[in-house]
Structures are given as structure tokens and as C-alpha cells.
Amino acid sequence: MQRTLVLIKPDGVQRGLVGEITGRLERRGLKLVAAKFVDVDPELAARHYAIHKGKPFYDGLIRYITSSPVVAMVWEGPAVIEAVRQTMGATDPRQASPGTVRHDFGIEIGRNLTHASDGPQTAEQEIPLWFGPDEIVSWSRDSDGWILED
Ligand code: IDP
Ligand code: MG
């Protein structure tokens with residue numbers, strides 16, 4: 001089953017939206033397989049956002065993600081990468097569709113509440129930056145049969 005990295009960024013934590021955002025993913029039927037609270041150091045931030053190095057918003061992005069703790073999670077499900085990106089909405093909250101996290105709780109691109117891996121390769125690179133293999137738990141959910149087809 002596919003997995004993806006999700007971060008609730010410092011603004012989401014500071015604004016008390018951890019339960020709201022996590023609840024949306026749970027209610028969608030996605031399965032949480034790893035979670036922790038992390039005070040992000042500049043090295044981890046730089047590795048996580050290496051692809052954006054050199055862009056005009058890079059320094060601000062590193063300041064943002066290291067400014068206060070984040071919740072890091074791994075979610076599992078069929079096509080979970082696309083599913084989570086849909087639930088979060090477009091990068092810029094002003095472009096995000098109503099009903100998405102970024103639309104419903106955000107107004108500025110530099111305070112867009114969440115991160116989610118954007119493809120299978122990205123997820124494979126990102127998850128090990130945040131979690132060791134022993135921190136990811138495969139488990140059987142009693143409701144699986146009501147959420148997933150055989
Ligand atoms: P994503 O988070 O939707 O995948 P990316 O393009 O990968 O978006 O950008 C990473 C993060 O960098 C965004 O979530 C946002 O926090 C920040 N960012 C992207 N573009 C801008 C910008 O133009 N100004 C300020 N911050 C930006
Ligand atoms: Mg991205």
C-alpha cells in the first residue's frame with residue numbers, strides 16, 4: 001500500500017489545528033502509520049526542502065518550518081499521495097478549492113499549514129528523513145473492510 005509524508009507545519013500547530021487536519025485524513029479513510037512531534041533543526045529543514053534551494057522563498061521557508069514544532073506523520077492508503085494532496089489543496093491557499101485544508105484555514109502561500117509528498121519518488125525520499133523503519137507501524141484496522149474493497 002502506498003505511503004506519504006505529511007507535516008502539520010508550525011502555523012497549524014500554533015493555531016490548534018492538529019486535530020482538525022488529522023481528523024480530515026482519518027475521516028477520509030486513510031490510515032495513520034507513524035506520528036511524532038518535532039522541533040525541526042536547520043539541517044533537517046535543509047534536507048527536506050533541498051529541492052527549493054536557490055528559490056526566492058527558500059530562506060523564508062526554512063525560517064517558517066524551524067520556527068516552532070511540527071507534527072510529522074506517515075499516512076497509508078490506496079493512491080494516498082494524490083488523496084492527501086487533494087485534501088490539503090493547492091499550494092497557495094488563495095487558489096485552493098473550498099473544502100480543502102489550505103482554503104479553509106489559510107490565506108497566504110507562506111503560511112499554508114501543511115506539507116504532503118508530491119509523488120512516489122518524493123515520498124520514498126522524504127519518509128526516511130523523518131522516520132526510522134522501526135517508527136512506522138503496519139497495523140490491521142478493524143474498519144478496513146468498510147473502507148477498502150477486497
Ligand atoms: P507544496 O507544499 O504544495 O508541495 P511547493 O511548491 O513544494 O508546494 O513549495 C514548498 C513550500 O514552500 C510551500 O508549501 C510553501 O510553504 C512555500 N512556498 C512555495 N512557494 C512560495 C512562495 O511563492 N512564497 C512563499 N512561500 C512559498
Ligand atoms: Mg512540495
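Just above, that's the structure.
Residues numbered from 1 in each chain as written. Chains lettered and ligands numbered in written order. Predicted model: local features only at pLDDT ≥ 70, side-chain atom pairs only at ≥ 80, totals over all residues. Heavy atoms only, no water.

Trainee: So, the pattern of salt bridges: which residues are in play, and what are the values?
Mentor: Under the definition given, this model contains 7 salt bridges. Two residues, Arg24 and Asp104, come together in a salt bridge whose shortest N-O distance is 3.1 Å. Separated by 80 residues along the polypeptide, Arg24 in helix α2 (residues 18-28) and Asp104 in helix α6 (residues 101-105) bring together distant segments of the chain. For Arg24, a relative accessible area of 17% puts it in the buried group. One connected set of salt bridges, linked through shared partners, spans Glu20, Arg24 and Asp104. (Salt bridge = Lys/Arg side-chain N within 4 Å of Asp/Glu carboxyl O. Helix = DSSP H or I, 4+ residues; strand = E, 2+ residues; numbered from the N terminus. Buried < 20%, exposed > 50% of the residue type's maximum accessible area, 1.4 Å probe, protein only.)

Trainee: How would you explain the layout of surface pockets if you had to name every residue and give the values?
Mentor: Computed from the structure, the largest pocket encloses a volume of approximately 640 Å³. Lining the largest pocket are 27 residues; nearest its centre among them are Tyr49, His52, Phe57, Leu61 and His115. Of all the elements in the fold, those that place two or more residues in the lining of the largest pocket are α3 (42-48), α4 (58-65), β4 (114-116) and α7 (120-130). (1 Å grid on protein atoms, 1.4 Å probe; cavity = no way out; pocket = protein on both sides within 12 Å on 5 of 7 lines; lining within 4 Å. Points joined across faces, edges and corners; volume = space filled by probe spheres on them.)

Trainee: Any details on the site of ligand 1? Residues and values, ideally.
Mentor: Every residue lining ligand 1 is accounted for by Lys9, Tyr49, His52, Phe57, Leu61, Tyr64, Arg85, Thr91, Arg102, Ile109, Gly110 and Asn112. One of the side-chain nitrogen or oxygen atoms of His52 is found 2.9 Å away from an oxygen atom of ligand 1. Taking Arg85, its side chain carries an N or O atom lying 2.8 Å from an oxygen atom of ligand 1. If ligand 1 stood free it would expose 530 Å²; the protein chains cover 76% of that surface. Here ligand 1 occupies the largest pocket. Considered class by class, the residues forming the shell around ligand 1 number 5 nonpolar, 4 polar and 3 charged. (Near = heavy atom within 4 Å. Polar contact = N/O pair within 3.5 Å; in protein donor to acceptor, adjacent residues only side chain to side chain. Areas by Shrake-Rupley, 256 points an atom, 1.4 Å probe, with all protein chains shown as cover. Sits in = over half its atoms within 2 Å of the grid points. Nonpolar A, V, L, I, M, F, W, Y, C, P; charged D, E, K, R; others polar.)

Trainee: So what's going on with α2? Residues and values would help.
Mentor: What α2 keeps buried is the set Ile21, Thr22, Gly23, Arg24 and Leu25. Where α2 is buried, its residues contact β1 (2-8), β3 (70-77), α5 (80-88), α6 and β4. Gly29 sits one or two residues past α2 and shows a positive phi near 105°. (Contact = heavy atoms within 4.5 Å.)

Trainee: With reference to specific residues and values, describe the side chain of Thr4.
Mentor: Counting through the fold element by element, Thr4 comes out in strand β1. Residue Thr4 is classed as buried on the basis of its relative accessible area, which comes to 0%. Side-chain polar atoms of Thr4 contact the side chain of Ser117, separated by 3.5 Å. The residues touching Thr4, leaving out its near neighbours within four places in the chain, are Met73, Val74, Trp75, Val80, Ile81, Val84, Ser117, Ala123 and Ile127.

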